[in-house]
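# Architecture at a glance
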Amino acid sequence: ERTDKKAYEEAQKRLKMAEDDQKNMLPELRKQSRRDYLKKRESEKLEDLEAEIMDDEYLFSTEELTEREKKELEYKRTIRDLAKDYKKAGAKEQEERKNRYYMPEENRRKEVPQRDLELEETPMELGGEQGRWEEERLKTASLSFGAKKEREQGMKQEQEKYQLILEEEEMIDFVTTAITMKGTRSEKDAPALSQAEMKKQSMQEVRRSLPIFPYREDLLAAINKHQILVIEGETGSGKTTQIPQYLLEDGYTKGGMKIGCTQPRRVAAMSVAARVAEEMSVKLGNEVSLVHDCYTNTLSVTVPSSRLKLSVLLSSSVIIIDEAHERTLHTDILFGLIKDIARFRSDLKVLVASATLDTERFSCFFDDAPVFRIPGRRFPVDIFYTKAPEADYLEACVVSVLQIHVTQPPGDILVFLTGQEEIEACCELLQERCRRLGSKIAELLVLPIYANLPSDMQAKIFNPTPPGARKVVVATNIAETSLTIDGIIYVIDPGFCKQKSYNARTGMESLIVTPCSRASANQRAGRAGRVAAGKCFRLYTAWAYKHEMEETTVPEIQRTNLGNVVLLLKSLGINDLIHFDFMDPPPHETLVLALEQLYALGALNHLGELTKLGRRMAELPVDPMLSKMILASEQYKCSEEVLTIAAMLSVNNSIFYRPKDKVVHADNARMNFVVPGGDHLVLLNVYNQWVESGYSTQWCYENFIQFRSMRRARDVRDQLEGLMDRIEVEVVSCQGDSVPVRKAVTAGYFYHTARLSKGGYKTVKHQQTVYVHPNSSLFEEQPRWLIYHELVFTTKEFMRQVIEIESGWLLEVAPHYYKSKE
Ligand code: ADP
Ligand code: MG
């Protein structure tokens, strides 16, 4: 009796706790995504309970159970059911909340919006794991072969052909865990327009066919009514290309005002600007322009968000913060800035455009701004997983593409990789395999897309696929939401992306390939369902999706060096950064470190105000230490050299090529570039010789230098040189004298000084023991003082890219920093 009562009280307490939890959580609301938080808390509790019940049940199945234990189990079950109800109630509340923001009112009655990310569980078909994939293959075969007998025969032929092309052991086993992504349309609906059909239509008709079009009037009315509006819509619904034009047509550019639209990705900014200009039948650069090209005469502008200048903000009637869900550093900064500006500029309209992801967060941040939802059009997408993890995802991509190409019905393929190198490698592999297979397979057009790709090449991905051929677009994250490529039916997702990460302790920032988030994976899958029912092949296991991926991506502001951000904000006159209205504040120590470093570099004074030097540094889109180095080159009259070094450092560590079978040759070639003084000077020497060779590919090949890296360095250098005018630095050469160059490097990197001590080097700042990297030209020299570009930890803490200095220079370049130390 007593125990029963106790158990009951226990249960009551638990329930009460859960309720209190929810109440106490309210203040958290602004900081944390309420939805995520709730979901997590509730599912954790429920999972615990379920686990307990399962344990008990297992115990009871093997032993006789006492009355008391029976009762206890009963209570646990009751609680579980209560908790389930509770969870349901929570979901209902969220639904209500969602609908509250749904506007305009009439739309709700018209059409119930479908959430992008809802996954629908369907019962397993054909039992076996292989079932679905095999069934698909059969379906494919049956498409081309009608009658049953013929079909069977055809199937056999199909399979034989198929094995001829791809060896069985090199094929990938895909399984489906019986998950499809819900669509708002079914296969029976009229398919969306094919690309060829779209091309045939006039541009205006295409515009009218986009999902956003029926909501044009409602949207304009909502914008008129509210100062800040969050706009949510599926990728491809027309947010980016249409909204600026609607606004223009509605008179928002009267009196020379601009419509600004910020893009977090440079490539997307260019592509979108080009597309909008095309739709408006105007030349890019007049009415529609990228903001750094043109300030005058501009009706509508597309702004890479990293370049947004206050002047644009002030002369705009509307600012669209596009791709808000990406949460890039600059988008996040813009949120804070614009929220502030909107307070004293009541005539400024602010539109926050986002894919269907977490828009309640944006609403919350902007003081409960209403959310305008554009109902999406989406066909269902079947999701396949691999049976086992793939060791080499690049190879797996190539195999999957070919597998799809030979077994699946028409429809283009989109592959997500993490960066230029991977994409180029994948395209080369695909092209080579296709060449080998020759006429055995239909034509496969392989098209890359990444930030550094020349824009004429970029435009190619939008060209319609010729009949009989299949297009495969190999893209970075840019194709996740920023660019819409029509005609995609198949998506291949290895599940990785390149992410910046930052270690505030060491000040080290690195780009690393990491698993992408589940939110990303679902966006990627969604790309397959735009024109018809599609398929997404995930090159990871269903288990990995559930257990190894984060729910959402951590905002960039929380994993980056804030040096640049602090400079930018200070240059905009925002001094109190600790209290800046960040949507997700960066870690405190990162902010403090950034302030400290900028002070040491002389960009801030002791009051934390921007100095004249700091103002100039803010103009360069590079790390503050690097921009300090570039600015210092003015004083030492060696900007020519320093620009090259800056560019070479920015393509870090991918200059020298060392094939396994030619190690000796490669090392010899590398030795030939060595000059006294350190690695920076070696890099300079490599670049200069390459210039002398006429930027030759052959020269690179002969000298074991990676041509691609050199080409990138050249691009970076050109960009930087273009900015020298703005910061009034004359481009001059020091004519071979290394001292000025090394002094300029010291002026930027004195933070990274190390001094020879027994057994290695000690950093001046942290007295940390570090070593010269064996690849360095100074590996055997061991000078007394040196400066390193970066620290990497492999087998030991190694300094990579080091340069020899004299200790006296430290006082010369950073007296305020070093005086206090000695
Ligand atoms: P959203 O911003 O909502 O994701 P967009 O405005 O970027 O949507 O795209 C809407 C549609 O416009 C796409 O589905 C595509 O058909 C077309 N489109 C956009 N950019 C281009 C382009 N560069 N070339 C051809 N069509 C394009
Ligand atoms: Mg868009």
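Residues numbered from 1 in each chain as written. Chains lettered and ligands numbered in written order. Predicted model: local features only at pLDDT ≥ 70, side-chain atom pairs only at ≥ 80, totals over all residues. Heavy atoms only, no water.

## Overview of the pairing of strand 22 (residues 769-772)
Bridge analysis of strand 21 (residues 760-763) against strand 22 gives 2 bridges, and the strand direction is antiparallel. In the strand pairing of strand 22, Tyr761 is matched with Val770. Here strand 21 hands over to strand 22 after 5 residues, with Gln767 in that stretch at a positive phi of 55°. Relative to strand 24 (residues 797-804), strand 22 is paired through 2 bridges, and the arrangement is parallel. Along strand 24, the bridge assignment pairs Tyr771 with Phe798. (Pairing = 2+ DSSP bridges. Helix = DSSP H or I, 4+ residues; strand = E, 2+ residues; numbered from the N terminus.)

## Regarding helix 11 (residues 266-279)
Helix length check: helix 11 (14 residues) gives 20 Å between terminal C-alpha atoms against 20 Å at 1.5 Å per residue, within 8%. Positive backbone phi, at 50°, marks Ser281, one or two positions downstream of helix 11. (Expected span 1.5 Å × (residues − 1).)

## Looking at the nonpolar core
Ranked by size, the top nonpolar core spans 77 residues in total, and within it Met710 and Phe750 carry the most contacts. Ignoring sequence-local partners within four residues, the contact set of Phe750 consists of Ala600, Leu601, Lys628, Ile787, Leu810, Val813, Ala814, Tyr817 and Tyr818. Ranked by size, the runner-up nonpolar core spans 36 residues in total, among them Ile172, Val399, Ile441 and Val474. (Core = buried A, V, L, I, M, F, W, Y, C linked by side-chain atoms within 4.5 Å. Buried < 20%, exposed > 50% of the residue type's maximum accessible area, 1.4 Å probe, protein only. Contact = heavy atoms within 4.5 Å.)

## Points about the packing of helix 25 (residues 639-650) against helix 27 (residues 679-692)
Orientation of helix 25 relative to helix 27, taken along the N-to-C sense of each, is 100°, at an axis distance of 9 Å. By the angle between their directions, the pair helix 25 and helix 27 is classed as roughly perpendicular. Listed contacts from helix 27 to Glu641, Thr644, Ile645, Met648 and Leu649 of helix 25 are His680, Leu683, Leu684, Val686 and Tyr687. Residue composition of the contact of helix 25 with helix 27, by class: 7 nonpolar, 2 polar and 1 charged. (Axes fitted to C-alpha atoms, helices over the stretch in contact; angles between N-to-C directions. Parallel < 35°, antiparallel > 145°, perpendicular 65-115°, else oblique. Nonpolar A, V, L, I, M, F, W, Y, C, P; charged D, E, K, R; others polar.)

## Notes on the site of ligand 1
Among the 16 residues in the neighbourhood of ligand 1, the closest are listed as Gly236, Lys239, Thr240, Thr241 and Asp486. The contact in question runs from an oxygen atom of ligand 1 to an N or O atom on the backbone of Gly236, over 2.6 Å. Summarising the interface, the protein chains cover 91% of the accessible area of ligand 1, which totals 560 Å² for the free molecule. For the shell around ligand 1, the secondary-structure elements that each account for two or more residues are helix 10 (239-249) and helix 11. Ranked by the residues each element gives to the shell around ligand 1, the list is headed by helix 10, at 3 residues. Of the residues that constitute the shell around ligand 1, the class distribution is 3 nonpolar, 8 polar and 5 charged. (Near = heavy atom within 4 Å. Polar contact = N/O pair within 3.5 Å; in protein donor to acceptor, adjacent residues only side chain to side chain. Areas by Shrake-Rupley, 256 points an atom, 1.4 Å probe, with all protein chains shown as cover.)

## Topic: the pattern of salt bridges
Inspection of the entire model under this criterion finds 29 salt bridges. In this structure, the salt-bridge partner of Glu279 is Arg275, at a minimum N-O distance of 2.8 Å. Of this pair, Glu279 and Arg275 both sit in helix 11, 4 residues apart, roughly one helical turn. Residue class for Glu279 comes out buried when judged on its relative accessible area of 5%. Overall, Arg275 belongs to the partly exposed group, its relative accessible area being 29%. The closest approach of N and O atoms between Glu395 and Arg433, which form a salt bridge, is 3.1 Å. With a gap of 38 residues between them, Glu395 in helix 15 (residues 393-407) and Arg433 in helix 16 (residues 420-437) connect regions that are remote in the sequence. In this structure Arg433 comes out as buried when scored by relative accessible area, which is 16%. Salt bridges here are not isolated pairs; linked through shared partners, they connect Arg207, Arg216, Glu217, Glu249, Arg275, Glu278 and Glu279. (Salt bridge = Lys/Arg side-chain N within 4 Å of Asp/Glu carboxyl O.)

These figures come from the coordinates and say nothing about function on their own.
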